[in-house]
Amino acid sequence: ETLEGVRRLDEILAARDDYAMTCVHYGHYDYSLDAGHWPFLRQNTQAFWDIVHPIVRQTEAAGCTYIHTPLGELTNDELLLSVVHHLNETCRAPYGMTPLNFHQSQLNARPPLAADVMQTPSFTLAQRIEIAKQTIQTFCDHRVSKRSFSLKEGAFITPHEYRAALRFLDEHEGRAA
């Protein structure tokens, strides 16, 4: 779930029998925080899948099951079905996906009808700063009691995104002019 972990995945998989490892779960939020992504890569971007494809190939080559990262956009059915479609195209073996709510579980259980909705977003520095400010405000205003995450109108914001937004603002806020 870190840059180093992904870089050393073959080494980790080589020791799978020592640890009775049968699955590899890609932790997009941990990886993006460690990689310094801002905003975090969305699952409908080629950059996201450029990270996932080698993980899937290595995992399946080692005889393990790939488990896909959660989709934080809880009510974006089109995106979820697109992700499932893309996983069906990418994975040669059965795979898993981590749902964040019952609706995602139900939707994931039916065959995807949607095609890919891949995008190539491009953000100016000012837009990235604004996204960071909105993420921080939303996280603080809608943090779920006694939980580490925030929920607002179907958006799941992890503490990873909150920390990345704080770090990004600390490094870039004065440069948006």
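Residues numbered from 1 in each chain as written. Predicted model: local features only at pLDDT ≥ 70, side-chain atom pairs only at ≥ 80, totals over all residues. Heavy atoms only, no water.

## Observations regarding the packing of helix α5 (residues 77–90) against helix α6 (residues 102–109)
At a minimum axis separation of 10 Å, α5 and α6 run at an interaxial angle of 45 degrees. Taken together, the axes of α5 and α6 lie oblique to each other. Crossing hand, α5 versus α6: right-handed. Touching D77, L80, L81 and V84 of α5 are H103, Q104, L107 and N108, all from α6. (Axes fitted to C-alpha atoms, helices over the stretch in contact; angles between N-to-C directions. Helix = DSSP H or I, 4+ residues; strand = E, 2+ residues; numbered from the N terminus. Parallel < 35°, antiparallel > 145°, perpendicular 65-115°, else oblique. Left-handed = near helix turned anticlockwise from the far one by under 90°. Contact = heavy atoms within 4.5 Å.)

## Some points on helix α4 (residues 46–61)
Taking 1.5 Å per residue, 16 residues should reach 22 Å; α4 reaches 22 Å between its end C-alpha atoms and fits that length. Looking at α4, one finds that the buried residues are F48, W49, I51, V52, H53, I55, V56, Q58, T59 and E60. Buried residues in α4 make contact with α1 (3–7), α2 (9–14), β1 (23–25), α3 (28–35), β2 (65–68) and α5. G63 sits one or two positions beyond α4 and adopts a positive phi of about 80 degrees. (Expected span 1.5 Å × (residues − 1). Buried < 20%, exposed > 50% of the residue type's maximum accessible area, 1.4 Å probe, protein only.)

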